[in-house]
Amino acid sequence: MKVVVSTVNFIKSSSALHHRQFKQFLDEIEAEYGDLVFFTQVRWLSRGNTLKRFISLLDEIEIFLNEKNKMVPELTNADWLCDLSFLVHLTSHLNNLNHKLQGNNQLISQLANYVTAFEQKLKLFQLQIVKGELGHFPNYKLMCEKHKVCNRHEYYAAKLGKLLEAFESRFEDIKKVVNDLKLFSNPFSVSPDEVEFEAQIELIDLQNNDSLRTKYNEGDLQNFYNCLAKDQFPYLRNKAAIYASLFGSTYICEQTFSLLNQTKSNIRSRLSDQNLHSVLRLVTTNFHPNIKKLVHESV
């Protein structure tokens, strides 16, 4: 990553002339992209985007650096190029997972499914790369064919194994409640003898209620649990309330902090805490008030 960052900085930052010449060069040869992408440590997608753009313009970068007499020996090192191409695909898969884990209105059961699916993908990648099946790593496959390198598969399989172990360790708490999450996300597919004793009778009643099944099939899980009668399904409602209230990521916190910075700027420094709290509630809620009705009632 250091070589990529230093090369990008040389082209884009060391000289404005270099940057203009590089962009003009890409335009003249009608390259796939018109420029490189800076790496920013604080942006969680930056690493993958920088690597992807770098390898897409690898040939153009090498030509430009040779014209500038800038020596980057790694660009002619077959092992380093294989490492780069493998890292590009791996960070791309991680970025896809990150995209799925962000956003509003995502329940913990959905996020757990994304993580479980990614772990299964890692297992698949690990098995396939040992066999030399590189369909999910096309850039790495091309680099192997170009430089006649085929002795790195075991090395990358070991790296994937370590990444898988890190995921399993980090999300081990999810595995402990996998049955509860399954009950929460799809109560009609769970057998009553697989759940806790307190939930068995309620689950049987639920699974034999056609109107509730229809409500579940509408796709709004939270609205479905709101429709359950408190006196008939107390255990299932309480369980649902627990898992519906869990924060699966820091996205909402980060979004609220950004909105706070936008709201309480230098020109609004006298904004009171009470007013700030009210403003934050307005900008973070999905509720749309009926202004006309409120005005009519106040008259």
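This is a predicted model, so every value here is computed, not measured.

## Digging into the nonpolar core
The biggest cluster of nonpolar side chains holds 47 residues, and the ones touching the most others in it are Phe-54 and Ile-61. Those elements that place two or more of their residues in this core are helix H1 (2-12), helix H2 (16-28), helix H3 (46-56), helix H4 (58-67), helix H5 (78-101), helix H6 (108-130), helix H7 (138-147) and helix H8 (153-170). Apart from the residues within four sequence positions on either side, Phe-54 is in contact with Val-4, Thr-7, Val-8, Leu-36, Ile-61, Leu-75, Trp-80 and Leu-84. Within the second largest apolar cluster, 23 residues are counted, among which are Leu-181, Val-195, Leu-212 and Tyr-243.

## Structural notes on the packing of aromatic side chains
Under the definition given, this model contains 15 aromatic pairs. Consider the rings of Phe-86 and Tyr-140, whose centres lie 6.2 Å apart with planes at 75°: the pair is edge-to-face. Here Tyr-140 lies in helix H7 and Phe-86 lies in helix H5, a separation of 54 residues in the sequence. We note that Phe-86, like Tyr-140, is buried. Summarising the aromatic geometry, the rings of Tyr-140 and Tyr-156 are spaced 5.0 Å apart at their centres and angled 90° between planes, so their arrangement reads as edge-to-face. Taken as a pair, Tyr-140 in helix H7 and Tyr-156 in helix H8 lie far apart in primary sequence, 16 residues in all. Neither Tyr-140 nor Tyr-156 differs from the other in exposure class; each is buried. These aromatic residues form a ring-pair network of at least three members: Phe-86, Phe-125, Phe-137, Tyr-140, Tyr-155 and Tyr-156.

## Considering the side chain of His-153
One can find His-153 in helix H8. A polar contact is formed between the side chain of His-153 and the side chain of Tyr-140, at a distance of 2.9 Å. Sequence-distant contacts of His-153, that is, excluding residues within four places in its chain, are made with Ile-129, Gly-132, Leu-134, Tyr-140 and Cys-144.

## Here's the deal with H8
In this model H8 runs 26 Å from its N-terminal to its C-terminal C-alpha over 18 residues, within 8% of the 26 Å that 1.5 Å per residue would give. Taken residue by residue, H8 has His-153, Tyr-156, Ala-157, Leu-160, Gly-161, Leu-163, Leu-164 and Phe-167 as its buried positions. Relative to the axis of H8, the buried residues are bounded by an arc of 165° and lie together on one face. In H8, the exposed residues that point more than 90 degrees away from the buried face are Glu-154, Lys-162, Glu-165 and Arg-170. Contacts made by the buried residues of H8 are with H5, H6 and H7.

## Things to note about a nonpolar patch on the surface
Residues Ile-291, Leu-294 and Val-295 make up a contiguous nonpolar surface patch of about 280 Å² in total accessible area. Locating Ile-291 in the fold gives a position in helix H17 (residues 291-298). Among the residues examined, Ile-291 registers a relative accessible area of 52% and is labelled exposed.

## Remarks on the packing of H6 against H8
Between H6 and H8, whose axes approach to 9 Å, the crossing angle comes to 160°. Between H6 and H8, the angle falls in the class roughly antiparallel. The handedness of the crossing between H6 and H8 is left-handed. Note on element contacts: H8 touches H6 through His-153, Glu-154, Tyr-156, Ala-157, Leu-160, Gly-161, Leu-163, Leu-164, Phe-167 and Glu-168, opposite Val-115, Phe-118, Glu-119, Leu-122, Lys-123, Phe-125, Gln-126, Ile-129 and Val-130. Split by residue class, the contact of H6 with H8 holds 12 nonpolar, three polar and four charged.

Rules used throughout
- Residues numbered from 1 in each chain as written.
- Predicted model: local features only at pLDDT ≥ 70, side-chain atom pairs only at ≥ 80, totals over all residues.
- Heavy atoms only, no water.
- Core = buried A, V, L, I, M, F, W, Y, C linked by side-chain atoms within 4.5 Å.
- Buried < 20%, exposed > 50% of the residue type's maximum accessible area, 1.4 Å probe, protein only.
- Helix = DSSP H or I, 4+ residues; strand = E, 2+ residues; numbered from the N terminus.
- Contact = heavy atoms within 4.5 Å.
- Phe/Tyr/Trp six-rings, centres within 6.5 Å; stacked < 30°, edge-to-face > 60°.
- Polar contact = N/O pair within 3.5 Å; in protein donor to acceptor, adjacent residues only side chain to side chain.
- Expected span 1.5 Å × (residues − 1).
- Arc of directions from axis to C-beta.
- Patch = residues over 30% accessible without salt bridge, like charges linked within 9 Å, V, L, I, M, F, W, Y side chains within 5 Å.
- Areas by Shrake-Rupley, 256 points an atom, 1.4 Å probe, with all protein chains shown as cover.
- Salt bridge = Lys/Arg side-chain N within 4 Å of Asp/Glu carboxyl O.
- Axes fitted to C-alpha atoms, helices over the stretch in contact; angles between N-to-C directions.
- Parallel < 35°, antiparallel > 145°, perpendicular 65-115°, else oblique.
- Left-handed = near helix turned anticlockwise from the far one by under 90°.
- Nonpolar A, V, L, I, M, F, W, Y, C, P; charged D, E, K, R; others polar.

So far we have only geometry, and geometry alone does not tell us how the molecule works.
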